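Structure at a glance
Listed below, chain by chain, are the residues.
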Amino acid sequence: MYELFKNLGTWLTSGASWSGSDGIAHRLAEHLQYSLLATLIAAAIGLPLGLLIGHTGKGAFIAINLASFGRALPTVGLVVLVFLAGGLSMLPVYVALVALAVPAIVTNTYAGMTAVDPDVRDAARGQGMRGHQVLLQVELPLALPLVMTGLRLALIQVVATATIAAYVSFGGLGRYVFDGLAQRDLVQVLGGAVLVAVIAVALDLALSTLQRFLFRHRTA
């Protein structure tokens, strides 16, 4: 075990491991590209849906059950299904990652909207605000902390799962996991897993710190 971790340390700190098209820096950039794009697409879908459900109060059943759907979603199975239907491309990977991220965004956005005090809504309407004005100027600003929590959770889930890109022969940090398994290179497998975990934890810490900074006045 000591030898394994010693070799892992050597692999992670070696200049050769970080350079070239198969180096850690390049694979990390690919991994972040997949993750950020998938999360942006999921946000474009999930945010309007969560805001609409929370604002109108209609479709709450969808928002509540999406969380269970997201946890039960067989990500690799979805990748294989879309891969068989659409052929070799990044489409199956993005479909799976977006499907994983949307539930967290919708449910947290919905939760943030329902947490807004009804008296505040009534006061806004009493001042002559229309529906979209109440949504954008009152409800959304108050719901924003939970909305951001949903985005943060979605991004971390996607980062941790984006290794599936390597399952259909694309890049990212998952390349080390799948190539290492094929080559029976335990150091490479462990290195890929450690890198994904470190990136996920680092992003979570950074985003949670940013969130606390942005909304510090609400807990003061």
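About the criteria used
- Residues numbered from 1 in each chain as written.
- Predicted model: local features only at pLDDT ≥ 70, side-chain atom pairs only at ≥ 80, totals over all residues.
- Heavy atoms only, no water.
- Helix = DSSP H or I, 4+ residues; strand = E, 2+ residues; numbered from the N terminus.
- Buried < 20%, exposed > 50% of the residue type's maximum accessible area, 1.4 Å probe, protein only.
- Contact = heavy atoms within 4.5 Å.
- Phe/Tyr/Trp six-rings, centres within 6.5 Å; stacked < 30°, edge-to-face > 60°.
- Polar contact = N/O pair within 3.5 Å; in protein donor to acceptor, adjacent residues only side chain to side chain.

**Notes on the environment of L155**
In this fold, L155 is placed in helix α8 (residues 131-161). On the basis of relative accessible area, L155 is assigned to the buried category, the value being 10%. Considering only alpha carbons, one finds L155 and L100, 55 residues apart in sequence, at a separation of 9.8 Å. Other than its neighbours up to four places away in sequence, L155 contacts S35, L36, T39, L203 and L207.

**As for the packing of aromatic side chains**
The final tally for this structure, using the stated rule, is three aromatic pairs. Residues W11 and Y176 carry aromatic rings whose centres are separated by 5.1 Å and whose planes lie at 85 degrees to one another, so their mutual orientation is edge-to-face. Of this pair, W11 sits in helix α1 (residues 2-13) while Y176 sits in helix α9 (residues 174-183), placing them 165 residues apart in sequence. Overall, the relative accessible area of 17% leaves W11 in the buried class.

**Comments concerning unusual backbone geometry**
Non-glycine residue R184 carries a positive phi angle of around 55 degrees. You can see R184 is positioned in the loop between α9 and α10 (186-214). Judged by relative accessible area, which is 81%, R184 ranks as exposed.

**A few points about the environment of H55**
Relative to the helices and strands, H55 is located in helix α3 (residues 24-56). Sequence-wise, H55 and V116 are 61 residues apart; in three dimensions their C-alpha atoms are separated by 10.0 Å. A polar atom in the side chain of H55 sits 2.6 Å from the side chain of E139.

What is shown is where atoms sit, not what they do.
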